Amino acid sequence: HLKRNKKLVMSKVEKWKLIASEQLVKDKWADVRKNSYQRADGTIIEPFYVYGFPDYATALAITKEGKVIIEKVYRPALDVIAVELPGGCVDPTDASLEDAMARELLEETGYRFENIEYLGFVSPNPTTNTNVMRMFLATGGVYDPHAALDKEEGIEVILLEWDDFIEWFKEQKFVQSMQTCTILYALLKMNKLVSF
């Protein structure tokens, strides 16, 4: 039989050197810079726009009764009413990523969770965006009637039966790519990864 080649392959890819950066926008929600880079071969890459946003957090959130918490919300960039998982921005004041997720879940859905498990992160676009999506699986959700819901976002909260949630996922009703990754990682964690 053939032996595997165990030689370590050295990468020929090198980082670019930042040689200039111009701030175009800087506020709470966006940090846009026009950069110039130099590659190892001397090639100058400019202009190259880098977009800084806060890190996001989202969760596949399941109630104690086994229902999946889904939201409907208007998304102006695509001009659609989107079906999404609950989530939002990680704030600098959050004590931990889990606390950020718990806060977002409570603000948007009114549910508190027994367990919020971190599943890792994905990037919306590592070429141009500096932020990442923190992914979670939240289980054991119980509604808190005293929760102060964030009414500014115009969110409709929906409780889906598990089979309906899987059907919606198979039908590609979730268009937010990072949330789709969250669903896949959560299903993998639960040993419920579905086939099409």
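No experiment lies behind these values; they were computed from the predicted model shown. Throughout, a residue's number is its position along its own chain's written sequence, starting from 1. Local features in this predicted model are restricted to residues of pLDDT 70 or higher, and side-chain atom pairs are both shown and tallied only at a pLDDT of 80 or more, whereas totals for entire chains, interfaces and linings draw on every residue. The side-chain values count all of the structure's non-hydrogen atoms but skip hydrogen atoms and water molecules.

**Some thoughts on the sheet that holds strand 1 (residues 17-26)**
Just so we agree on the cut-off: A pair of strands is labelled paired if DSSP reports no fewer than 2 bridges between them. The helix count covers DSSP runs of H or I at least four residues long, the strand count covers runs of E at least two residues long, and both are numbered beginning at the N terminus. Structural elements are reduced to axes, namely lines fitted to C-alpha atoms, with helices fitted over the stretch in contact, and the angle between N-to-C directions of any two is expressed from 0 to 180 degrees.
The strand order across the open sheet formed by 3 strands is 1-2-3, and the pairing between neighbours is antiparallel. Bordering the open sheet on either side are strand 1 and strand 3 (44-52), each of which pairs with just one other strand. Averaged over all pairs of adjacent strands, the angle between their axes in this sheet comes to 20°, without regard to strand direction.

**Considerations on the nonpolar core**
The line we're drawing: We call a set of buried residues a nonpolar core when its members are Ala, Val, Leu, Ile, Met, Phe, Trp, Tyr or Cys and they connect through side-chain atoms within 4.5 Å of each other. Classification of residues uses two cut-offs on accessible area relative to the type maximum, computed with a 1.4 Å probe and protein chains only: under 20% is buried, over 50% is exposed, and between them is partly exposed. Contacts are residue-level and defined by heavy atoms, with any inter-residue pair within 4.5 Å sufficient.
Leu60, Val68, Ile70, Trp162, Phe165, Phe174 and Ile183 are the most contacted members of the largest nonpolar core, which has 23 residues in total. Of all elements in the fold, only strand 4 (56-63), strand 5 (68-75), strand 9 (115-122), strand 10 (133-143), strand 11 (156-160), helix 2 (162-170) and helix 3 (177-189) reach the threshold of two or more residues within this core. Per-element accounting of this core gives the leading share, 5 residues, to helix 2. Excluding residues that lie within four positions of it along the chain, Val68 makes contacts with Leu60, Ala61, Ile62, Ile158, Leu159, Leu160, Trp162 and Phe165. The next biggest cluster of nonpolar side chains, apart from the first, holds 13 residues, and it includes Leu105, Tyr111, Phe136 and Ala138.

**Here's the deal with the environment of Asp150**
Here Asp150 lies in the loop between strand 10 and strand 11. Along the primary structure Asp150 and Lys15 are separated by 135 residues, whereas in three dimensions their C-alpha atoms are 42 Å apart.

**Quick look at a nonpolar patch on the surface**
Our working definition: A patch consists of residues exposed above 30% relative accessible area that lack any salt bridge, with like charges linked at up to 9 Å and nonpolar side chains (Val, Leu, Ile, Met, Phe, Trp, Tyr) linked at up to 5 Å. Only the protein chains shown count as cover for residues, with accessible areas throughout obtained via the Shrake-Rupley method and a probe of 1.4 Å. Basic side-chain nitrogens of Lys or Arg form a salt bridge, by our definition, when they fall within 4 Å of a carboxyl oxygen of Asp or Glu.
Residues Leu24, Val25, Tyr49 and Tyr51 make up a contiguous nonpolar surface patch of about 310 Å² in total accessible area. Listed by contribution, the elements that provide at least two residues to the nonpolar patch are strand 1 and strand 3. One can find Leu24 in strand 1.

**Comments concerning the pattern of salt bridges**
Going through the model one piece at a time under the given rule, you end up with 15 salt bridges. Note that Asp91 is salt-bridged to Arg103, the shortest N-O span being 3.4 Å. Of this pair, Asp91 sits in the loop between strand 7 (87-89) and helix 1 (97-109) while Arg103 sits in helix 1; the two residues are 12 residues apart in sequence, bridging distant segments of the chain. Salt-bridge contacts for Glu107 lead to Arg103; the nearest nitrogen and oxygen are separated by 3.5 Å. Residue Glu107 and its partner Arg103 are located together in helix 1, separated by 4 residues, close to a single helical turn. Assessed through its relative accessible area of 25%, Glu107 is described here as partly exposed. What emerges from the salt-bridge pattern is a single network uniting Asp91, Asp94, Arg103, Glu104 and Glu107.

**Topic: helix 1**
Rule in force here: By definition here, a helix of n residues has an expected span of 1.5 Å times n minus one.
An ideal rise of 1.5 Å per residue puts 18 Å on 13 residues; helix 1 measures up with 18 Å between its terminal C-alpha atoms. Along helix 1, the residues that are buried comprise Ala100, Met101, Arg103, Glu104, Leu105, Leu106, Glu108 and Thr109. Remark: Gly110 follows helix 1 within two positions and exhibits a positive phi of approximately 85°.

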